[in-house]
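Examination of the molecular architecture
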Amino acid sequence: MELSEHIKTANVEDVTLRRPFHPALRGTLCVTSHHLLFSDRKDEASWQLLILLKNIDAIEKSVENLFGYPRAVGSSGTITIKCKDLLVLQLEIPGMEECLNIASSIEALSSLESVTEMYPFFYRPSHLTLNGPWGLSSTEQYYKQTERLWDRWRVSTLNSDYSVCPSYPSAVIMPREVDDDKLIRSARFRQGGRFPVLSYCHHRNGMVIMRSSQPLTGANKKRCKEDELLLQAVIDGSELGYIIDLRSAQQAQQARMTGGGFESKSFYSHWKRIHRHHERGKVVQESLIKLVEACSDPSHSVDRWLSKLENSKWLSHVHSALSTAGLVVECVERDGHSVLVHGSEGTDNTLLVSSLAQLILDPASRTVTGFLCLLEREWIQAGHPFQQRCAHSAYSHARLKQECPIFLLLLDCVWQVWRQFPLALEFSEALLLRLAQEVYASNYGTFLCNSEQERCAAGVKENTHCLFQSLLRPDIEEQYLNPLYEPTDLAIWPSVHPQSLQLWTGLFLRWTEYAQNMEEAREEVWSIVKEHHEQAGPDRTNNTLSTHCDTLTPFENLMDELTIL
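Residues numbered from 1 in each chain as written. Predicted model: local features only at pLDDT ≥ 70, side-chain atom pairs only at ≥ 80, totals over all residues. Heavy atoms only, no water.

Our focus in this paragraph is the pattern of salt bridges. For the structure shown, the criterion picks out 19 salt bridges. Close ionic contact of Glu293 with Lys308 constitutes a salt bridge, the shortest N to O distance being 3.9 Å. Note that Glu293 is positioned in helix α6 (residues 282-296) and Lys308 in helix α7 (residues 302-312), a separation of 15 residues in sequence. Residue class for Glu293 comes out partly exposed when judged on its relative accessible area of 47%. Lys308 gets classed as buried once you look at its relative accessible area, which sits at 18%. Where salt bridges share partners, they join Arg190, Asp227 and Glu263 into one cluster. (Salt bridge = Lys/Arg side-chain N within 4 Å of Asp/Glu carboxyl O. Helix = DSSP H or I, 4+ residues; strand = E, 2+ residues; numbered from the N terminus. Buried < 20%, exposed > 50% of the residue type's maximum accessible area, 1.4 Å probe, protein only.)

On to unusual backbone geometry, then. Backbone geometry at Asp14 places phi at a positive 60°, although glycine is not the residue there. Within the fold, Asp14 resides in strand β1 (residues 11-18).

Working note: regular strand, side chains alternate between the two faces of the sheet. Taking every second residue as pointing to the same face, both faces of strand β14 (residues 339-342) are buried, with Val339 and Val341 on one and Leu340 and His342 on the other. Relative to β14, strand β11 (residues 208-211) is paired through three bridges, and the arrangement is parallel. Among the inter-strand pairings, Arg211 is bridged to a residue of β14, identified as Val341. Pairing of strand β12 (residues 241-245) with β14 involves four bridges; the strand directions are parallel. (Pairing = 2+ DSSP bridges.)

A word on the sheet that holds β14. Within a sheet, adjacent strands bond to each other through the backbone by hydrogen bonds, running parallel or antiparallel. Strand order in the open sheet formed by five strands is β10-β11-β14-β12-β13, with mixed pairing between adjacent strands. Both edges of this open sheet fall to β10 (197-201) and β13 (271-275), since each of them pairs with a single strand only. On average, adjacent strands in this sheet sit at an angle of 25° to one another, irrespective of strand direction. As paired strands, β10 and β11 are joined by four bridges and run antiparallel to one another. By the bridge assignment for β11, Leu198 is matched with Met210. (Axes fitted to C-alpha atoms, helices over the stretch in contact; angles between N-to-C directions.)

Counting residues in each nonpolar core, the largest one holds 129 residues, and the members touching the most others are Phe195, Phe371, Leu435, Phe468 and Phe508. Ranked by residues supplied to this core, first place goes to helix α12 (residues 406-420) with eleven residues. Looking at which domains feed residues into this core, each of domain 1 (3-112) and domain 2 (139-517) gives three or more. Among all residues touching Leu435, those that are not within four sequence positions of it are Phe371, Leu372, Leu375, Phe407, Leu411, Phe447, Leu467, Phe468 and Leu471. Counting 28 residues, the second-largest nonpolar core is a separate cluster that includes Leu3, Ile56, Ile79 and Leu112. (Core = buried A, V, L, I, M, F, W, Y, C linked by side-chain atoms within 4.5 Å. Domains from an automatic or database assignment. Contact = heavy atoms within 4.5 Å.)

Time to look at empty space enclosed by the protein. Counted according to the given criterion, the structure contains six cavities of 30 Å³ or more. By volume, the largest cavity is sized at about 190 Å³. Along the walls of the largest cavity sit 18 residues, with Thr139, Leu198, Arg211, Arg377 and Gln381 positioned nearest its centre. Secondary-structure elements contributing two or more residues to the lining of the largest cavity are α2 (139-145), β9 (172-175), β10 and α10 (368-380). The dominant element in the lining of the largest cavity, judged by the number of residues it contributes, is α10, at four residues. Tallied by class, the residues present in the lining of the largest cavity amount to ten nonpolar, four polar and four charged. (1 Å grid on protein atoms, 1.4 Å probe; cavity = no way out; pocket = protein on both sides within 12 Å on 5 of 7 lines; lining within 4 Å. Points joined across faces, edges and corners; volume = space filled by probe spheres on them. Nonpolar A, V, L, I, M, F, W, Y, C, P; charged D, E, K, R; others polar.)

The next subject is the pairing of β10. Taking burial as the measure, the five residues of β10 include five buried ones, the bulk of the element. Linkage of β10 to β11, two consecutive antiparallel strands, is achieved through a turn of six residues, within which Gly206 is found at a positive phi near 80°.

It is worth spelling out the sheet that holds strand β4 (residues 47-52) at this point. Across the sheet, which stays open at both edges, the seven strands sit in the order β4-β3-β2-β1-β7-β6-β5 with antiparallel pairing between neighbours. Edge positions in the open sheet fall to β4 and β5 (56-62), since each of these has one partner strand only. Between one strand axis and the next, the sheet turns through 30° on average, direction left out of account.

You can see Glu97 is positioned in helix α1 (residues 96-109). A relative accessible area of 57% places Glu97 in the exposed class. Along the backbone, Glu97 and Gly77 are 20 residues apart, and their C-alpha atoms lie at a distance of 8.6 Å.

Our next topic: the packing of aromatic side chains. Using the criterion set out here, one finds twelve aromatic pairs in the structure. Aromatic side chains Tyr168 and Phe195 sit 5.3 Å apart centroid to centroid with 85° between the ring planes, which places their arrangement in the edge-to-face category. Taken together, the residues Tyr168 in the loop between β8 (153-156) and β9 and Phe195 in the loop between α3 (180-188) and β10 connect sequence positions 27 residues apart. Accessibility classification places Tyr168 together with Phe195 in one group, the buried group. Ring geometry for Trp415 versus Trp504: centroids 6.0 Å apart, planes at 20°, classification stacked. (Phe/Tyr/Trp six-rings, centres within 6.5 Å; stacked < 30°, edge-to-face > 60°.)

Dropping the structure here:
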């Protein structure tokens, strides 16, 4: 079926658009295969609103207006559009039939399941070309750039046809003394074939962070000698490693009854297992829904709002992620031990914790390029199922079992780090907000599909543009730079005390009057800070982070206060 066949009514005149904090506008509404276009043609210089249909999470047909305007009169209808970026709009459409046709067209085109029918396959801006490499780095390039890996580690291409592990990339970094036959046997012993692979090697002491899925020990306590040898090869015989299991001990025991399990102390004698419970799947999705519901309802008191915020438990998930990432960093940085991180499948919380640990540990991951490379390596290439997890956001009435905003939770955790360490990250909140929007609806192919294998099958790299490459164009990257950035080689240790974790107002309250006022204040402060830095020149001190925090200018202190509000 052609996309145009889903469009029952393409254009409607005299449509009234209502959106937060703006007067109502009357104009023309146009539905295309991938966009909803509203154009106000009253003035010579017309104003336009363009919404990617993939960004629409839910639509509601009603004659009542969300913002308190009188009921629509006559033969007309009202459509409320709720977007995945949390924007809510209303369209008053003359003619009930036209209203129903528009609603039906939007519902069909916003829920396309075929990847090749999505807009990134049609997006062709003049300033970008499909020629050249896609993405920022590969496993082989990362290995070549990390000299500390060369003695004991190697690149294995045993998964080049994705037959060993469908969700892994074609190449992985493994201990040099472990051959591919042992890796294949280890993969058979791990859920989904996700055998332990290298995620990060510490730049000072050479300790590593590995990640995998759970072992399939089952009720009979099966073992795999090749898997045991693989983990033994990660550490010397005299060393101790830590396995951070992102499930409670009870959950891990229960997993054995369904074929999963955990590493037995008897067979992994040099590895100490620590359980840290993390919620997953539907629980996290419901938490997001409750949070957005609380933030969208202005009718209740401050006490009631705070109660609903607490009941959503979203900040509890933020606390768990940062706390466990801090534990991983403590093992690697302070105690000098290697770590293996896994939960059940190894595609969600595992990637969340390993990414945050690297952000805390690795100075390179705190630059714009390094952070995007981290996301590409730990999420895109490592097989986070974006298409399943981000099919819907907080407003959708159709709940899918695979939905889970784990990547959004990562961005929130990074924002918490950015807020606590305003000098340590080269990028600003604007980059995190851009990524939060792009992961749900994008012109680019970066977040399409669930794995590298699926992207290859769909021709994503040949037929779409890469978001990360676009963000690093000099004229674009400048929009996301932090003018306060002062690099440090030290690990940064975010506080996880309840008073240290804040609601990410820039995201969850971005369409409220409060956020609008704060955005104007931030822009003014940033302009002052930039001017101050330009006058100070490049000779500012570049010592430790603590020194920088002690020498904040009044403008920088003001910016920090605005962030905390």
